[in-house]
Protein chains: 2
Amino acid sequence: MSEFVNVAVDGMGGDHAPYEIVKGAVEAVNENSHVKVFLTGQADKIDSELAKYTYNKEQIEVVNTTEIIEMAEPPVMAIRKKKDSSLVKALNLVKEGSCDAFVSAGSTGATLVGGQVIVGRIKGVERPPLAPLIPTATGCSLLIDCGANVDARPSHLVQFAKMGSVYMESVMGVKSPKVAIVNIGAEEEKGNALVKETFPLLKNCPDIHFIGSIEARDIPAGLADVVVCEAFVGNVILKMYEGVGSILIKKVKEGMMTSLRSKIGALLVKPALKKTLKAFDLEQYGGAPLLGLNGLVVKTHGSSKAIEIKNSILQCITFTEQNINQKIKEKITMEEN
Amino acid sequence: MSEFVNVAVDGMGGDHAPYEIVKGAVEAVNENSHVKVFLTGQADKIDSELAKYTYNKEQIEVVNTTEIIEMAEPPVMAIRKKKDSSLVKALNLVKEGSCDAFVSAGSTGATLVGGQVIVGRIKGVERPPLAPLIPTATGCSLLIDCGANVDARPSHLVQFAKMGSVYMESVMGVKSPKVAIVNIGAEEEKGNALVKETFPLLKNCPDIHFIGSIEARDIPAGLADVVVCEAFVGNVILKMYEGVGSILIKKVKEGMMTSLRSKIGALLVKPALKKTLKAFDLEQYGGAPLLGLNGLVVKTHGSSKAIEIKNSILQCITFTEQNINQKIKEKITMEEN
């Protein structure tokens, strides 16, 4: 209907709201003339931020709200009670079809719950997984699911594999993406009850390229494009990336400061090192999509700066233009036949 | 009875057997006069390795066996069929009381199964966990369980917490070790069914120092001394250490080779960096104990060199002298009252 891809953005969510959020929105519309951003939040605050920039006024609209959902609030209650919050309002814009997508740097819990409760699931989707891109030695992989829904069933994991395949193929351009299930060994008979039940289902799934089990050690090496696991394990994998990465980089820095010789070396090495390590930074990939909803919901880090907000908004364009949800719907329905 | 701590070592297990195994045994007895090593395996091969070294002949005894369990063999079958293998023989030495401990660089599956089936569990212990030490920013933590028994119950995790506390206190000298359960958030209401059920049990456990949930991100930072989880999650954590670590170090090296300037810097930085990163190398800690058995079973990496074999053997001395199994027995029984 609209000539734009319409993206709702929670103007009050995140550690650096509204400053970095507004800046990111402006950068997005200045980079792409096909996107319109609906910034939800306290209009006076957002307007005074917007006043600092030059941009096409047709591409940003402020939607005034009076309430704010805090990071620590119990999600279900917050969604139900705070109807006039920036988050609930943005989700409703997607629900009623005014917007195609929603980008949130606010409370993860409220975003996930709100996505399911307000926007709603695609018919046939049992659980909407949160699927961040993670850096690997060869590029990046999709880790699916890292969401809030633990204790998944085998049928959920099969749907994750399908939705992840659609995403990697259509958004990231990976032809016939390799799908693997996280396991404690490469052999088919290994695993816990969930993995053992899921393995044959994935193996017999005709519309994905299943390559078998992947040990956690091989995830950073990039052996699979779509890494399927239940949310508890996914969360552990994602946070081990952050944890091991930051400690190792700290150790490298400490190591370089131990002698005069190494200090001089550090000065010479620093610029090159910074550039390489950036390629291995989780945050460069911007937001993680919550797949399987009637509209796209993208969760970015609470600490997101303008660049991540911009990338998350632009990601919504590819997602919408590629008609990902239609493709997911087709793949999920195929299973039911 | 014996003046020695008697340690059985599988002379044929591991990628570098018997060469590195025999070398490690010799180094251990040359470093400590209170240990006697029983090397199981093909006597001719082991003897010809031993002939290369000088050591106190009273401290090493070769126990001839004719069969070998391969890395890929199904463990239960291998243990049952190959009675005259170096692994089964060594386990029997512990079972019959001739040895206090067993060190294996061979098949993990066969070692874990054999430990339970042949050596047997301490009365009251429901499951023997495999508990490797992992490097952290502040020293090291015990990750318990990384074994082959998945789908654990809450009562298992409580016992892991107790056994891990005994180990960290008595072997590593950590006073009142901090115990945490791996979770996807710090709040008590977070988690999957297993964690939610286990949390209050740990909280009400009087004889451990429980500090609550730990997110995977905080494990490498060293926020807990005893990191409790079920084996599937433990395996993922351990292997993410290896995976993220090796990729990051590869990236650092690549980064240093991108320009002439950085190449010169790399030469200056290298020795200092090597030393610091060594402190973060999983392998330096040698073997992981399989706790809760009637005797100690230590599993070291299949790729173990002499230094790891030596460290694993020496670790058995502390374990035996500190009477860990008696302490575990007391702590587990306390629960039953």
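See above for the structure.
Residues numbered from 1 in each chain as written. Chains lettered and ligands numbered in written order. Predicted model: local features only at pLDDT ≥ 70, side-chain atom pairs only at ≥ 80, totals over all residues. Heavy atoms only, no water.

**Thoughts on the sheet that holds strand E8 (residues 209-215) of chain B**
Consider a sheet: its strands pair through backbone hydrogen bonds, and that pairing is either parallel or antiparallel. All names here are of chain B. Which entries qualify depends on this criterion: When DSSP finds two or more bridges between two strands, those strands count as paired. Counting from the N terminus, the helices are DSSP H or I runs at least four residues long and the strands are E runs at least two residues long. Under this scheme, a helix contributes an axis fitted over its contacting stretch, all axes are lines through C-alpha atoms, and angles between N-to-C directions fall in the 0 to 180 degree range. Any two residues whose heavy atoms approach within 4.5 Å at even a single point are treated as in contact.
With mixed pairing, five strands are arranged side by side in an open sheet as E5-E6-E9-E7-E8. Each edge of the sheet is formed by a strand with only one pairing partner; in this case those strands are strand E5 (133-135) and E8. With strand direction ignored, the average angle separating the axes of adjacent strands in the sheet is 35°. Pairing between strand E6 (residues 140-144) and strand E9 (residues 226-228): three bridges, direction parallel. Note that in E9 the partner of Leu 143 across the bridge is Val 227. Against the sheet, helix H7 (residues 193-203) touches strand E7 (178-183) and E8, its axis set at about 170° to E7.

**Let's talk about the state of the cysteines**
Cut-off, in case you're wondering: For the purposes of this analysis, a disulfide is any pair of cysteine sulfur atoms at a distance within 2.5 Å.
Counting across every chain of the model gives zero disulfides over all chains. For Cys205(A), which is in no disulfide, the shortest distance to another cysteine sulfur is to Cys229(A) and amounts to 17 Å. We note that Cys316(B) lacks a disulfide partner, and the nearest cysteine sulfur, in Cys99(B), lies 9.9 Å from it.

**Quick look at the relation of the copies chain B and chain A**
Our working definition: Least squares is used to superpose the copies, and the fit set is the C-alpha atoms of residues whose pLDDT is at least 70 in both copies.
Overlaying chain B on chain A yields an RMSD of 0.1 Å, the required transformation being a rotation through 180° with an accompanying axial translation of 0.0 Å. Here the transformation between the copies is reduced to the relation of a two-fold axis. Among all residues of chain B, the one whose C-alpha sits closest to the rotation axis is Gly265(B), at a distance of 1.9 Å. In this assembly, 100% of the residues forming the interface of chain B have copies in chain A that are likewise at the interface, indicating an isologous arrangement.

**Some words on the packing of helix H1 (residues 19-31) of chain B against helix H2 (residues 43-50) of chain B**
Residue and element names in this part refer to chain B. Going by this rule: Working definition: roughly parallel below 35 degrees, roughly antiparallel above 145 degrees, roughly perpendicular at 65 to 115 degrees, and oblique for all remaining angles. We call a crossing left-handed when the near helix sits turned anticlockwise from the far one by less than a right angle, and right-handed when that turn is clockwise. Amino acid classes used here: Ala, Val, Leu, Ile, Met, Phe, Trp, Tyr, Cys and Pro are nonpolar; Asp, Glu, Lys and Arg are charged; the rest, including Gly, are polar.
Look at H1 against H2: their axes get within 9 Å of each other, and the N-to-C directions meet at 55°. It follows that H1 is oblique to H2 by the angle criterion. Both H1 and H2 take part in a crossing whose hand is right-handed. Where H1 approaches H2, its residues Tyr 19, Val 22 and Val 26 are matched on the opposing element by Ile 46, Glu 49 and Leu 50. Along the lines of polarity and charge, the residues of the contact of H1 with H2 split into five nonpolar, no polar and one charged.

**As for the packing of helix H1 (residues 19-31) of chain A against helix H10 (residues 306-321) of chain A**
Residues and elements named next belong to chain A. Two elements in contact, H1 and H10, have axes separated by 7 Å at closest approach and are oriented at 45°. As far as their axial angle goes, H10 and H1 are oblique. Judged by the twist between their axes, the crossing of H1 over H10 is right-handed. Mapping the contact onto sequence places Glu 20, Ile 21, Lys 23, Gly 24, Ala 25, Glu 27, Ala 28 and Glu 31 in H1 and Ala 306, Ile 307, Ile 309, Lys 310, Ile 313 and Leu 314 in H10. The class makeup of the residues in the contact of H1 with H10 is eight nonpolar, one polar and five charged.

**Digging into helix H5 (residues 108-119) of chain A**
Residues and elements named next belong to chain A. Selection criterion: What a helix is expected to span follows from its residue count: subtract one and scale by 1.5 Å. Whether a residue is buried, partly exposed or exposed follows from its accessible area with a 1.4 Å probe, protein chains only, as a fraction of its type maximum: under 20%, in between, or over 50%, in that order. What qualifies as a polar contact is a pair of N or O atoms within 3.5 Å, subject to a donor-acceptor requirement within protein and to the restriction that residues adjacent in sequence count only when both atoms come from side chains.
Relative to the 16 Å expected for twelve residues at 1.5 Å per residue, H5 spans 15 Å between its end C-alpha atoms, a close match to the ideal helical length. Residues of H5 that are buried: Ala 110, Thr 111, Leu 112, Gly 114, Gly 115, Ile 118 and Val 119. Close packing links the buried residues of H5 with helix H3 (75-81), helix H4 (86-95), strand E4 (101-104), strand E10 (288-290) and strand E11 (296-299). Two or three places before Gly 109, at the start of H5, stands the capping residue Ser 107, its side-chain oxygen 3.5 Å from that residue's backbone nitrogen. Trailing H5 by a residue or two, Gly 120 shows a phi angle of about 85°, which is positive.

**Looking at the environment of Leu277(A)**
Among the structural elements, Leu277(A) can be located in helix H9 (residues 260-278). Along the chain, Leu277(A) and Ile249(A) lie 28 residues apart, while their C-alpha atoms are 9.0 Å from each other. In this structure, Leu277(A) is in contact with Ile249(A), Leu248(B) and Val252(B), ignoring residues within four places of it in sequence.

**A word on the pattern of salt bridges**
So the rule is basically this: A pairing counts as a salt bridge when a side-chain nitrogen of Lys or Arg comes within 4 Å of a carboxyl oxygen of Asp or Glu.
Applying the stated criterion across every chain, the model contains 20 salt bridges over all chains. Across the pair Arg217(A) and Glu215(A) runs a salt bridge, and its minimum N-O distance is 3.7 Å. As a salt-bridge pair, Arg217(A) and Glu242(B) come within 2.9 Å of each other at their nearest N and O atoms. Pair noted here: Arg217(A) is in the loop between strand E8 (209-215) and strand E9 (226-228) and Glu242(B) is in helix H8 (residues 231-256), and the two residues belong to different chains. Accessibility expressed as a relative area gives 29% for Glu242(B), which makes it partly exposed. Put simply, Glu215(A), Arg217(A), Lys239(B) and Glu242(B) are held in one network by salt bridges that share partners.

**Some points on the interface of chain B and chain A**
Note the cut-off: Throughout, buried area stands for the accessible area (probe radius 1.4 Å) lost by two parts on being put together, summed over both.
Tallying the contact residues gives 49 residues for chain B and 49 residues for chain A. With both sides pooled, the region where chain B packs onto chain A buries about 4,800 Å², and carbon together with sulfur makes up 77% of that total. Taken together, chain B and chain A are joined by four salt bridges. At the boundary of chain B and chain A, one finds ten residue pairs in polar contact (both at pLDDT 80 or more). If you list the elements that add at least two residues to the side of chain B that touches chain A, you get E7, H7, H8 and helix H9 (260-278) of chain B. For the side of chain B that touches chain A, the element with the highest residue contribution is H8(B), accounting for 19 residues. Broken down by class, the residue content of the side of chain B that touches chain A amounts to 30 nonpolar, eleven polar and eight charged.

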